[in-house]
Amino acid sequence: MSAAVTQQANTAGTPPDNGQPLLDVQDLVMHFPLTQGIIFQRKVGAVQAVDGVSFQVKRGETLGLVGESGCGKSTTGRAILQLYKPTAGNVIFDGRDLTTLDGNEMRKMRRHLQMVFQDPYASLNPRMTVGNIVSEPMQIHKLVAKNERTQKVQELLQTVGLNPYFANRYPHEFSGGQRQRIGIARALAANPDFIVCDEPVSALDVSIQAQVVNLLEDLQDKFGLTYLFIAHDLSVVRHISDRVAVMYLGSIVEIADRNALYDDPLHPYTKALLSAVPIPDPVIEKRRERIILTGDVPSPINPPSGCRFHTRCPYVMDVCKSVPPVLADQGGDHSVACHLYPGSIAQNA
């Protein structure tokens, strides 16, 4: 590893772990307004994509965020990075509330928070060379002198497993896995502390998925990175995550250590999700019960009252239809939002 990359590895994540989370998301809300009218528009409703999400991410850990398509996972990641301006809530990163920063202050903070996008084909500018794509964060944040950028780009490409001389090529000359590595190199160019990985392997072949996941783990160890890993592949999430949060229709219904969540899921929705994960043992696979949820996912424009999962839950009770459950710790940092468990009713309800 070159001297410049070695220096980055030694300086990334240098603030000591003082017990405080690197990221603290508090009651995050992201509603997209629905309007009517061409000239005089009026609001007639809202898509409640994210509704009251709270969690913390410690420095150096990976929090997996899972759920069905459309549950608000990607919107949560974009709202944390302020790519969407949250409707309400707070996003506290390293002691600073990102929701209160103006444009200039947020621009300075962006070098500490980066994103690896889901689509490796659409997330790279086809008119720019790989060298220009990777060096752009260095130029914007004035991190590397102009005469040193070419060398730094080559070092970053080598770090993510690409030929350093690929810098003069264009994105269309690469495969999906190679493009995703370029996206990772671009995120690393800003020397960030925190990276949102928005389903970074879902568009890749299975064999390439393992390579990219292993690369992300190696980079985390080398540079002291912290990840929010968004995915719907539960097997991948278990492999890379330290803790896992499960989302349903804009809300987190369960969050726990990965082993606790997979070995002893509490929420009925989590149990249904995990029952769909294949197990490479025909004896166990034949014995275990597959939980099939009835009905369709409700619309985020008009979500159900009370617990949002009650329309599909096999254990629904009267209280579920009227009182929204809150995340309650069930011991061992295993929290669940379900009326089947104690503490799910808010104190001020």
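See the structure printed just above.
Our subject in this report is the structure included herewith. (Residues numbered from 1 in each chain as written. Predicted model: local features only at pLDDT ≥ 70, side-chain atom pairs only at ≥ 80, totals over all residues. Heavy atoms only, no water.)

Remarks on the pattern of salt bridges
Next, step 1: Under the counting rule described, the total for this entry stands at six salt bridges.
Next, step 2: K73 is the salt-bridge partner of E199, the closest N and O atoms lying 4.0 Å from each other. Placement of E199 in the loop between β7 (194-198) and α7 (206-223) and of K73 in helix α2 (residues 73-80) is noted, with a sequence separation of 126 residues between them.
Next, step 3: A relative accessible area of 4% places K73 in the buried class.
Next, step 4: Here R238 and D263 are joined by a salt bridge, their closest N and O atoms 3.3 Å apart. With a gap of 25 residues between them, R238 in helix α8 (residues 234-240) and D263 in helix α9 (residues 258-263) connect regions that are remote in the sequence.
Next, step 5: Here D263 falls in the exposed class, since its relative accessible area comes to 57%. (Salt bridge = Lys/Arg side-chain N within 4 Å of Asp/Glu carboxyl O. Helix = DSSP H or I, 4+ residues; strand = E, 2+ residues; numbered from the N terminus. Buried < 20%, exposed > 50% of the residue type's maximum accessible area, 1.4 Å probe, protein only.)

Side note on the sheet that holds strand β5 (residues 96-97)
Next, step 1: One open sheet holds the four strands; their spatial order is β2-β1-β4-β5, and the pairing between them is antiparallel. Looking at strand neighbours, the two that pair on one side only are β2 (42-57) and β5, the edges of this open sheet.
Next, step 2: As paired strands, strand β1 (residues 23-36) and β2 are joined by 12 bridges and run antiparallel to one another. By the bridge assignment, T35 is partnered in β2 with K43.
Next, step 3: Along the sheet, α2 contacts β1, β2 and β4 (88-93); its crossing angle with β1, the most-contacted strand, is approximately 110°. (Pairing = 2+ DSSP bridges. Contact = heavy atoms within 4.5 Å. Axes fitted to C-alpha atoms, helices over the stretch in contact; angles between N-to-C directions.)

Regarding the packing of aromatic side chains
Next, step 1: The tally for this structure, following the rule as stated, stands at six aromatic pairs.
Next, step 2: On the numbers, 5.3 Å between centres and 90° between planes, the contact of F32 with Y84 is edge-to-face. Residue F32 is found in strand β1, and its partner Y84 is found in the loop between α2 and β4; the two are separated by 52 residues along the sequence.
Next, step 3: Measuring from centroid to centroid gives 6.3 Å for F93 and F194, while their planes differ by 55°, and the two rings are tilted. In this pair, F93 sits in strand β4 while F194 sits in strand β7, placing the two residues 101 residues apart along the sequence. (Phe/Tyr/Trp six-rings, centres within 6.5 Å; stacked < 30°, edge-to-face > 60°.)

What to know about the sheet that holds strand β12 (residues 335-336)
Within a sheet, neighbouring strands are paired by backbone hydrogen bonds and run either parallel or antiparallel to one another.
Next, step 1: Reading across from one edge, β6-β7-β8-β3-β9-β10-β12-β11 is the order of the eight strands in this open sheet, with mixed pairing throughout. At either end of the open sheet lies a strand with only one pairing partner, and these are β6 (113-116) and β11 (328-329).
Next, step 2: With five bridges joining them, β7 and strand β8 (residues 226-230) adopt parallel strand pairing. In the sheet register, D198 faces β8, and the bridge partner there is I230.
Next, step 3: Contacting β9 (243-248) and β10 (251-257), helix α10 (residues 268-275) crosses the sheet at an angle of about 105° to β9.

Shape descriptors only; they carry no functional weight alone.
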